[in-house]
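A look at the structure
In case you want the letters, here they are:
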Amino acid sequence: DTEVTQTPKHLVMGMTNKKSLKCEQHMGHRAMYWYKQKAKKPPELMFVYSYEKLSINESVPSRFSPECPNSSLLNLHLHALQPEDSALYLCASSQGGTGGNGYTFGSGTRLTVV
Amino acid sequence: AQSVSQHNHHVILSEAASLELGCNYSYGGTVNLFWYVQYPGQHLQLLLKYFSGDPLVKGIKGFEAEFIKSKFSFNLRKPSVQWSDTAEYFCAIHQAGTALIFGKGTTLSVSS
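Scoring rules and cut-offs
- Residues numbered from 1 in each chain as written.
- Chains lettered and ligands numbered in written order.
- Predicted model: local features only at pLDDT ≥ 70, side-chain atom pairs only at ≥ 80, totals over all residues.
- Heavy atoms only, no water.
- Helix = DSSP H or I, 4+ residues; strand = E, 2+ residues; numbered from the N terminus.
- Buried < 20%, exposed > 50% of the residue type's maximum accessible area, 1.4 Å probe, protein only.
- Contact = heavy atoms within 4.5 Å.
- Areas by Shrake-Rupley, 256 points an atom, 1.4 Å probe, with all protein chains shown as cover.
- Lys, Arg positive; Asp, Glu negative; His and termini not counted.
- Charge placed at Lys NZ, Arg CZ, Asp CG, Glu CD.
- Rg over C-alpha atoms; globule rule 2.2 N^0.38 Å.
- Salt bridge = Lys/Arg side-chain N within 4 Å of Asp/Glu carboxyl O.
- Polar contact = N/O pair within 3.5 Å; in protein donor to acceptor, adjacent residues only side chain to side chain.
- Pairing = 2+ DSSP bridges.
- Axes fitted to C-alpha atoms, helices over the stretch in contact; angles between N-to-C directions.

1. A closer look at the overall build of chain B
On a plain count of helices and strands, chain B comes out with zero helices and twelve strands. Its helices and strands in sequence order give chain B the pattern β-β-β-β-β-β-β-β-β-β-β-β, from N to C terminus. Along the first, second and third principal axes, the C-alpha atoms of chain B reach 40 × 30 × 20 Å. Here chain B, with 112 residues, has 48% of them falling under the buried criterion. A sequence separation of at least 24 residues applies to 54% of the contacts in chain B between residues at least 6 apart. Entry remark: accessible area of chain B is about 5,300 Å², with carbon and sulfur atoms responsible for 53%. Averaging the positions of the 8 positive and the 7 negative side-chain charges in chain B gives two centres separated by 6 Å.

2. Some words on the overall build of chain A
Tallying secondary structure elements over chain A gives zero helices and eleven strands in all. In chain A, the order of α-helices and β-strands from amino to carboxyl end is β-β-β-β-β-β-β-β-β-β-β. Relative to the compact-globule value of 13 Å for 114 residues, chain A shows a C-alpha radius of gyration of 13 Å, a close match. Along the first, second and third principal axes, the C-alpha atoms of chain A reach 35 × 25 × 20 Å. The buried share of chain A, reckoned over its 114 residues, is 49%. In the structure as shown, chain A presents an accessible area of about 5,400 Å², 49% of it carried by carbon and sulfur atoms. Mean positive and mean negative side-chain charge positions of chain A (12 and 9 charges, respectively) differ by 6 Å.

3. Description of the interface of chain A and chain B
Listed per partner, the contact involves 21 residues of chain A and 19 residues of chain B. Run the count over chain A and chain B and you get zero salt bridges. One can count four residue pairs in polar contact (both at pLDDT 80 or more) joining chain A with chain B. Looking at the side of chain A that touches chain B, the elements with two or more residues in it are strand S4 (31-37), strand S5 (44-50) and strand S9 (87-94) of chain A.

4. Here we look at the pattern of salt bridges
All names here are of chain B. Here the structure, examined in full by the defined rule, presents six salt bridges over all chains. The partner of Glu 66 in a salt bridge is Arg 77, and the shortest N-O contact between them spans 3.2 Å. With Glu 66 in strand S8 (residues 64-68) and Arg 77 in strand S9 (residues 73-78), this pair connects stretches of sequence that are eleven residues apart. The shortest N-O distance in the salt bridge between Lys 78 and Asp 85 comes to 2.9 Å. Taken as a pair, Lys 78 and Asp 85 share a single burial class, namely buried.

5. Quick look at the environment of Thr112(A)
Residue and element names in this part refer to chain A. Assignment of secondary structure puts Thr 112 in strand S11 (residues 109-113). Separated by 27 residues in sequence, Thr 112 and Asp 85 have C-alpha atoms that sit 7.7 Å apart. Setting aside residues no more than four positions away along its own chain, Thr 112 makes contact with Leu 11, Val 12, Met 13 and Ser 86.

6. Side note on the sheet that holds strand S7 (residues 64-70) of chain A
Residues and elements named next belong to chain A. If you walk across this open sheet you meet the four strands as S1-S3-S8-S7, and the pairing is antiparallel. Both outer strands of the open sheet, strand S1 (4-7) and S7, are each paired with one neighbouring strand and no more. Between one strand axis and the next, the sheet turns by 20° as a mean value, whatever way the strands run.

This is how it looks when you write it as structure tokens:
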């Protein structure tokens, strides 16, 4: 298995909702990442988990809460989002530390906040 | 702090034309360099990467890139583009202890 699987593919949520994005990989990678990508823009790093510990938080608002239950799973819990949070949320994984060998990206969850 | 610059925002080519996309980075230490491609509606795919050794690296789909340390550059090339190469191209760098940082991207449009 050489994929990163993200669910759901599409999500529409209201500003008072609570939802979660899920990411799964079975490549034995020990680093996992959340990126946010707006249309025609590069991915922006949000969080990095290395060996199941949060190692980088790029000053992301607390309405985004990451969780790494085990080495294969990464969640992003969403609460009280704003319309400007609408974007493509990408999960990635890499071997070892923070991934000098390159990342494998999932296909993303397209989030719309209404 | 490290940064990545992609000079070409939008490149328009006809099929069979040659392609070169520029990428420069600011960090002067050891970095790993990557080019990713994102086809319309699809996820990011790794085209090629450079860690060390031969500065000319070959990737998938006929792409290659040349690392020129003195110019802090890692330009992407393809001798003859196809309509199917229409996509967004991102240069990225990785420095030890940090995560992958992307350039702003270049949109390539190839007309048949």
